[in-house]
Amino acid sequence: DTGVSQDPRHKITKRGQNVTFRCDPISEHNRLYWYRQTLGQGPEFLTYFQNEAQLEKSRLLSDRFSAERPKGSFSTLEIQRTEQGDSAMYLCASSAPTVNTQYFGPGTRLTVL
Amino acid sequence: SQKIEQNSEALNIQEGKTATLTCNYTNYSPAYLQWYRQDPGRGPVFLLLIRENEKEKRKERLKVTFDTTLKQSLFHITASQPADSATYLCALEANAGNMLTFGGGTRLMVKP
């Protein structure tokens, strides 16, 4: 499968715990995006990378959230001290140079108890 | 503030009819407008992109129109099939390669 992959697909955690999600983009794609989606809403932008550089961050990305993309390949999104309001689907997408189309992964569903 | 509105109520149509979904936006000047399909528990899948200087785009049974004066896009599915049942999201992009700003989506139900 050469699409965007995300791991894990589901994560249940207790409030206050830290969680980390991984995204593997399509191999030749240099741009990588993170979005968050809650039930009944469209995805909301969190942050994006071009190669290893993090170029933009949303105001939604509080200090408890951090994203990395070492070596411009896979990316990780970490949430520290999780809160119940962090429960959502976290989506990763990637796109190729000079192409607007974003290809989304299946998402990681986070449930904070 | 930027706002993208899609009909939050589900659209129910009969198989074979044309489905028309609406996307309206305010306080935004997108260079591109995209439509995605999303099935339950899955990530969005790209369908069509239309540029600000284009009026209409077609792909098989799909047609998108883009009116930058009205700040509106219409998405049509002709000869609809039950397999077209899904949530359809419109997304705006200010510049190529930038983030997408999504509407809330419209759920389409095609009945056999």
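Heads up: the structure comes first, above all this text.
The text that follows walks through the structure, step by step, so that each part is easy to find. (Residues numbered from 1 in each chain as written. Chains lettered and ligands numbered in written order. Predicted model: local features only at pLDDT ≥ 70, side-chain atom pairs only at ≥ 80, totals over all residues. Heavy atoms only, no water.)

Our focus in this paragraph is the pairing of strand 4 (residues 31–37) of chain A. All names here are of chain A. Counting buried positions along strand 4 gives 7 out of 7 residues, so the element sits mostly inside the fold. Burial along strand 4 is two-sided: Arg 31, Tyr 33, Tyr 35 and Gln 37 and Leu 32, Trp 34 and Arg 36, pointing in opposite directions, are all buried. Where strand 4 and strand 5 (residues 44–50) come together, 6 bridges link them in antiparallel fashion. The residue bridging Arg 31 from the neighbouring strand is Gln 50, located in strand 5. Between strand 4 and the antiparallel strand that follows it, strand 5, lie 6 residues; Gly 40 among them carries a positive phi value of about 80 degrees. (Buried < 20%, exposed > 50% of the residue type's maximum accessible area, 1.4 Å probe, protein only. Helix = DSSP H or I, 4+ residues; strand = E, 2+ residues; numbered from the N terminus. Pairing = 2+ DSSP bridges.)

Let us now look at the sheet that holds strand 3 (residues 19–26) of chain B. Residues and elements named next belong to chain B. Reading across the sheet, the 5 strands line up as 1-3-8-7-6 and stay open at both edges, with antiparallel pairing between neighbours. The outermost strands of the open sheet, each flanked by one partner alone, are strand 1 (3–6) and strand 6 (56–59). Strand-to-strand twist across the sheet, computed as the mean angle between neighbouring axes with direction ignored, equals 15 degrees. Summarising the sheet, strand 1 and strand 3 pair through 4 bridges and their orientation is antiparallel. Considered in strand 3, the bridge of Gln 6 is made with Cys 23. (Axes fitted to C-alpha atoms, helices over the stretch in contact; angles between N-to-C directions.)

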